[in-house]
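Single-letter residue listing:
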Amino acid sequence: MTEKPRKPWRVILAQRGVQLAEIEHSSEKKAFEHVRTALGAGADTAKVMQWEGGRWWHFETVTADEIRAAQAATEK
């Protein structure tokens, strides 16, 4: 597929190396909101992909530990 998808952001959730879900999003903001929610609810890793230049690219991988650390830093 070389045509840009309607939802050009994708979040792939995993726990202990097993893929739990793959969810498409219409914006980067919505994708990362989902990452924060999912990692706070049990998944341990979220891989964010972005459609660009006719293919999916790995944008960022976020872990539950990173989310907890960021939340702890903002609570201080």
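All residue numbers refer to positions counted from 1 along the written sequence of the respective chain. Only residues with pLDDT of 70 or above have their local features reported here, since the model is predicted, and side-chain atom pairs are shown and tallied only from 80 upward, although totals for entire chains, interfaces and linings are computed over all residues. The side-chain quantities take in all heavy atoms of the structure and omit both hydrogens and water.

Draft legend 1. Structural detail: the overall build of the protein. Assigned secondary structure in the protein consists of 2 helices and 4 strands. Ordered by position from N to C terminus, the α and β elements of the protein give β-β-α-β-β-α. For the protein, the spread of C-alpha atoms along the principal axes amounts to about 45 × 25 × 15 Å. Sorting the 76 residues of the protein into buried and exposed places 32% on the buried side. Only heavy atoms matter for contacts: two residues are in contact if any of them lie within 4.5 Å across the pair. Excluding contacts between residues fewer than 6 apart, the proportion of contacts in the protein whose partners are at least 24 apart in sequence is 43%. Note on areas: Shrake-Rupley, 1.4 Å probe, and residue coverage restricted to the protein chains presented here. Here the protein has roughly 5300 Å² of accessible surface; of this, 49% comes from carbon and sulfur atoms. Helical segments are the DSSP runs of H or I of at least four residues, strand segments are the runs of E of at least two, and each set is numbered from the N terminus. Burial status follows relative accessibility: with a 1.4 Å probe on protein chains alone, a residue under 20% of its type maximum counts as buried, one over 50% as exposed, and anything between as partly exposed.

Draft legend 2. How the structure looks around the pattern of salt bridges. When a carboxyl oxygen of Asp or Glu is within 4 Å of a side-chain nitrogen of Lys or Arg, the pair counts as a salt bridge. Counting across every chain of the model gives 3 salt bridges. Linking R10 and E22 is a salt bridge whose minimum nitrogen-to-oxygen distance equals 3.2 Å. Residue R10 is located in strand β1 (residues 9-15), and its partner E22 is located in strand β2 (residues 18-25); the two are separated by 12 residues in the primary sequence. With relative accessibility at 16%, the residue R10 sits in the buried group. Taking relative accessible area as the criterion, E22 reaches 41% and is therefore assigned partly exposed. A salt bridge links E24 to R10, with the nearest nitrogen and oxygen atoms 3.3 Å apart. Taken together, the residues E24 in strand β2 and R10 in strand β1 connect sequence positions 14 residues apart.

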